[in-house]
Amino acid sequence: MISHVVSSSETNLWKIAENVDNAIGRRQSLFHRECTFRPQTVGVTLDRRSFLKAISVAGLGAVSVGVLASCAPTSQPGSGDNPDGADLTADIAFALFPGYLDLMNKHVFGPFTGKNSKVSIAPLEGPASQTYAQLLASPESARSIQGGMMNDALSWSGVKDGLWEHMTTADVPNLEKVPEELRNDAGTPWVFNGFGISYNPEKLPSGLDSWNDLYSPSLKGKVAMWPAYFDAYLMAAVAAGADSTEVEKGIEQWKKAKDNIGMWITSVADLHQAMDRGEIWAAPDYLSVTVRDSKAGMKLAMSLPSEGAVLNTYQLESVSGNSADQKKAMAGLIDLSLGDGAQKAAFEQSFLTPSNGDVTVDASSAQIEGLNGYSFTAADAVKRFYKVDYKWVGENTAMIKKLIEDNLQ
């Protein structure tokens, strides 16, 4: 991965772009193995000015730039159409979580630019925190990114900071298909992950049914906890009969069971390795990566507790300050992201739950011990996930962190 651009020469930047495309754009999908890097392509107009504008954003860190190649896109009838009937003219820098470039090229960017030839798209891969920092550093009149993927907490921070253009079902027709219970006022839900409890099924053959089960004396020194991901403490409060915002009640429960914490973790990889070795038996954890690593052969199971696993929403945002055509282009891209192709691909690639309630997937391919038939559908997410108040979390991060440090660490 190329993480920094150091040359100011346009010629060198185009050469770097080819190297980036080779390193990132052509992953192990047949789609990209058949594509080649071209600055000018059918259905994708990306001139030097647009490219330089997008790639200059990468100076803040490890942002990867993949420029759309000339490929035959998969398209849905009507998808990517401009509802006003006029040609859109827009340069779009679209922020992506790492790992989703191929998926978005095939199911979103390709189909959209195939129908809107005057729209250029420069996908920018990087963590949400970096994208957010770049947006904060740019004035509304000169945003370097027009929209893209964002996490729950930073989506709500963006509402406070005035970064987002609110999208409605008039802008994004597929939003109608997202159940009301799973929508929010901070962005457009793309897909969902769950935050439940992973465990070693050899050490805990009976599984875990409740967040309260993590306090069992039999787990002394065998539970791993996160110092920075607060969902487990919010759900400790819920399991104690309080609201998730009464986090101090959850911390109090953990204070009584402090001896059960045998490891503080900051990495999913470290957690799963420790659990696979039997050093850690259980931990609050993410559904998608637990399924992935279990399918790879690690000794992992997953519980969606009776009180609910926490609903984690992968949001899509359109940035405030976009031109009228940029806003329409972002709305079209977001709508395609909620379409059947992109939704199913996100499940197949990462075991994420589609937000589109009309989409069903082959959930048998994701079943591991403890899931008890979770269908990876929006309807099942309504039943088995708990929607915490991330707006409140964002406003109280320092307080929650201090409670953890003072009482548990």
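Structure shown above.
Let me sum up the structure you'll find in this document. In every chain, residue numbers begin from 1 and rise along the written sequence. Thresholds applied to this predicted model are a pLDDT of at least 70 for local features of residues and 80 or more for the giving and counting of side-chain atom pairs; totals over whole chains, interfaces and linings are not thresholded and use all residues. Working from all heavy atoms in the structure, the side-chain values ignore hydrogens and water.

### Things to note about unusual backbone geometry
Line of reasoning, step 1. A positive phi angle is found at phenylalanine 351, which is not glycine, with a value near 55°.
Line of reasoning, step 2. Along the chain, the position of phenylalanine 351 falls in the loop between α12 (340-350) and β13 (353-354).
Line of reasoning, step 3. Backbone geometry at asparagine 372 places phi at a positive 55°, although glycine is not the residue there.
Line of reasoning, step 4. Mapped onto the elements of the fold, asparagine 372 is located in the loop between β13 and α13 (378-384). Secondary structure elements are taken from DSSP: a helix is a run of H or I of four residues or more, a strand is a run of E of two residues or more, and numbering for both begins at the N terminus.

### Side note on the packing of helix α4 (residues 101-115) against helix α11 (residues 324-337)
Line of reasoning, step 1. As a rule, the C-alpha atoms of each element are fitted with a line to give its axis, helices using only the stretch in contact, and angles between N-to-C directions run from 0 to 180 degrees. The contact between α4 and α11 brings their axes to 9 Å, and the two run at 140°. Relative to α11, the element α4 lies oblique. Between α4 and α11 lies a crossing whose hand is right-handed. Counting all contacts with α4, which are made through Met104, His107, Val108, Phe109, Pro111 and Phe112, the residues of α11 involved are Ala329, Gly332, Leu333, Leu336 and Ser337. Here the angle decides the label: under 35 degrees means roughly parallel, over 145 means roughly antiparallel, 65 to 115 means roughly perpendicular, and every other value means oblique. In this scheme the handedness of a crossing depends on how the near helix is turned from the far one: anticlockwise by less than a right angle means left-handed, clockwise means right-handed. Contact criterion: two residues are considered in contact whenever any of their non-hydrogen atoms come within 4.5 Å of each other.

### Concerning the pairing of strand β12 (residues 309-318)
Line of reasoning, step 1. Type-normalised accessible area, obtained with a 1.4 Å probe on protein chains alone, sets the label of each residue: buried when under 20%, exposed when over 50%, and partly exposed for intermediate values. The buried count for β12 comes to ten of ten residues, which makes it a mostly enclosed element.
Line of reasoning, step 2. Pairing between strand β6 (residues 147-150) and β12: four bridges, direction antiparallel. Residue pairing in the sheet places methionine 150 in a bridge with glutamine 315 of β12.
Line of reasoning, step 3. In this analysis, strands are considered paired if DSSP registers two or more bridges between them. Examined bridge by bridge, strand β7 (residues 188-199) and β12 share seven bridges and lie antiparallel to one another. Bridge pairing links phenylalanine 192 to threonine 313 in β12.
Line of reasoning, step 4. Pairing geometry for β12 and strand β14 (residues 385-386), over two bridges, is parallel. Looking at the pairing, alanine 309 lines up with phenylalanine 385 of β14.

### Looking at the pairing of β7
Line of reasoning, step 1. The buried fraction of β7 amounts to twelve of the twelve residues, a majority that puts the element mostly inside the structure.
Line of reasoning, step 2. Sheet topology note: the β7/β13 ladder contains two bridges and is antiparallel. Within β13, the position partnered with phenylalanine 192 by the bridge is threonine 353.
Line of reasoning, step 3. Relative to strand β10 (residues 282-286), β7 runs antiparallel, the two being bridged by five bridges. Considered in β10, the bridge of phenylalanine 195 is made with tyrosine 286.
Line of reasoning, step 4. With three bridges joining them, β7 and strand β11 (residues 301-303) adopt antiparallel strand pairing. Paired with isoleucine 197 across the strands is serine 303, a residue of β11.

### Considering the nonpolar core
Line of reasoning, step 1. Membership of the largest hydrophobic core comes to 68 residues, with the highest contact counts inside it found for Phe94, Met104, Trp190 and Phe376.
Line of reasoning, step 2. Residues enter a nonpolar core if they are buried and are Ala, Val, Leu, Ile, Met, Phe, Trp, Tyr or Cys, with the set joined through side-chain atoms within 4.5 Å. Within the second largest apolar cluster, 49 residues are counted, among which are Trp156, Ala224, Leu271 and Ala282.

### Re the environment of glycine 194
Line of reasoning, step 1. Mapping glycine 194 onto the fold places it in strand β7.
Line of reasoning, step 2. For the pair formed by glycine 194 and glycine 308, sequence separation is 114 residues and the distance between their alpha carbons is 9.1 Å.

### Examining the pattern of salt bridges
Line of reasoning, step 1. Whenever Lys or Arg places a side-chain nitrogen within 4 Å of a carboxyl oxygen from Asp or Glu, that contact is recorded as a salt bridge. Summed over all chains, the structure comprises ten salt bridges.
Line of reasoning, step 2. Across the salt bridge formed by arginine 277 and glutamate 279, the nearest N and O atoms sit 2.7 Å from each other.
Line of reasoning, step 3. Measuring nitrogen to oxygen at the nearest pair gives 2.8 Å for the salt bridge that ties arginine 292 to aspartate 293.
Line of reasoning, step 4. Of the residues examined, arginine 292 reaches a relative accessible area of 44% and is grouped as partly exposed.
Line of reasoning, step 5. On the basis of relative accessibility, which here comes to 11%, the residue aspartate 293 falls in the buried class.

### Here's the deal with the environment of isoleucine 145
Line of reasoning, step 1. Counting through the fold element by element, isoleucine 145 comes out in the loop between α5 (128-136) and β6.
Line of reasoning, step 2. Residues isoleucine 145 and serine 318 lie 173 residues apart in sequence; the distance between their C-alpha atoms is 9.2 Å.

### Some details on helix α10 (residues 287-295)
Each full turn of the α-helix corresponds to 3.6 residues, which orients residues three or four apart in the same direction.
Line of reasoning, step 1. Summarising burial for α10: seven of the nine residues are buried, a large majority.
Line of reasoning, step 2. By the burial criterion, the buried members of α10 are Leu287, Ser288, Val289, Thr290, Val291, Asp293 and Ser294.
Line of reasoning, step 3. Contact partners of the buried residues in α10: β7, α9 (268-277), β10, β11, α12 and β14.

### With respect to the packing of aromatic side chains
We describe a pair of aromatic rings using the distance from one ring centre to the other and the angle between the two ring planes.
Line of reasoning, step 1. Two aromatic rings from Phe, Tyr or Trp, using only the six-membered ring of Trp, form a pair when their centres are within 6.5 Å; if the ring planes differ by under 30 degrees the pair is stacked, by over 60 it is edge-to-face, and anything between is tilted. Across all of its chains, the model carries twelve aromatic pairs by this definition.
Line of reasoning, step 2. Centre to centre, the rings of tyrosine 132 and tryptophan 164 are 6.4 Å apart; their planes meet at 65°, and the pair counts as edge-to-face. With tyrosine 132 in helix α5 and tryptophan 164 in the loop between α6 (152-160) and β7, this residue pair connects regions lying 32 residues apart in the sequence. For the pair shown, tyrosine 132 and tryptophan 164 are each scored as buried.
Line of reasoning, step 3. Note on phenylalanine 347 and phenylalanine 351: the rings are 6.0 Å apart at their centroids and 85° apart in plane angle, and the pair reads as edge-to-face.
Line of reasoning, step 4. On the accessibility criterion, phenylalanine 347 (2% relative accessible area) is buried.

### Some remarks on the packing of α5 against α6
Line of reasoning, step 1. Contact geometry of α5 with α6 gives a least axis separation of 10 Å together with a crossing angle of 15°. On the basis of their axis angle, the class for α5 and α6 is roughly parallel. At the point where α5 passes α6, the crossing takes the right-handed sense. Facing Ala128, Ser129 and Tyr132 of α5, the residues of α6 in contact are Leu154, Ser157 and Gly158.
Line of reasoning, step 2. In terms of residue class, the contact of α5 with α6 is built from three nonpolar, three polar and no charged. In this count, Pro and Cys sit with the nonpolar residues alongside Ala, Val, Leu, Ile, Met, Phe, Trp and Tyr, while Asp, Glu, Lys and Arg are called charged and the others, Gly among them, polar.

### Thoughts on the side chain of threonine 113
Line of reasoning, step 1. Mapped onto the elements, threonine 113 comes out in helix α4.
Line of reasoning, step 2. In the analysis that follows, any N or O atom pair within 3.5 Å is treated as a polar contact, provided that within protein one partner can donate a hydrogen and the other can accept it, and provided that, for residues neighboring in sequence, both atoms belong to side chains. Polar side-chain contacts of threonine 113 include one of 3.3 Å to the backbone oxygen of glycine 110.

Functional significance is not addressed by these values, which are geometric in nature.
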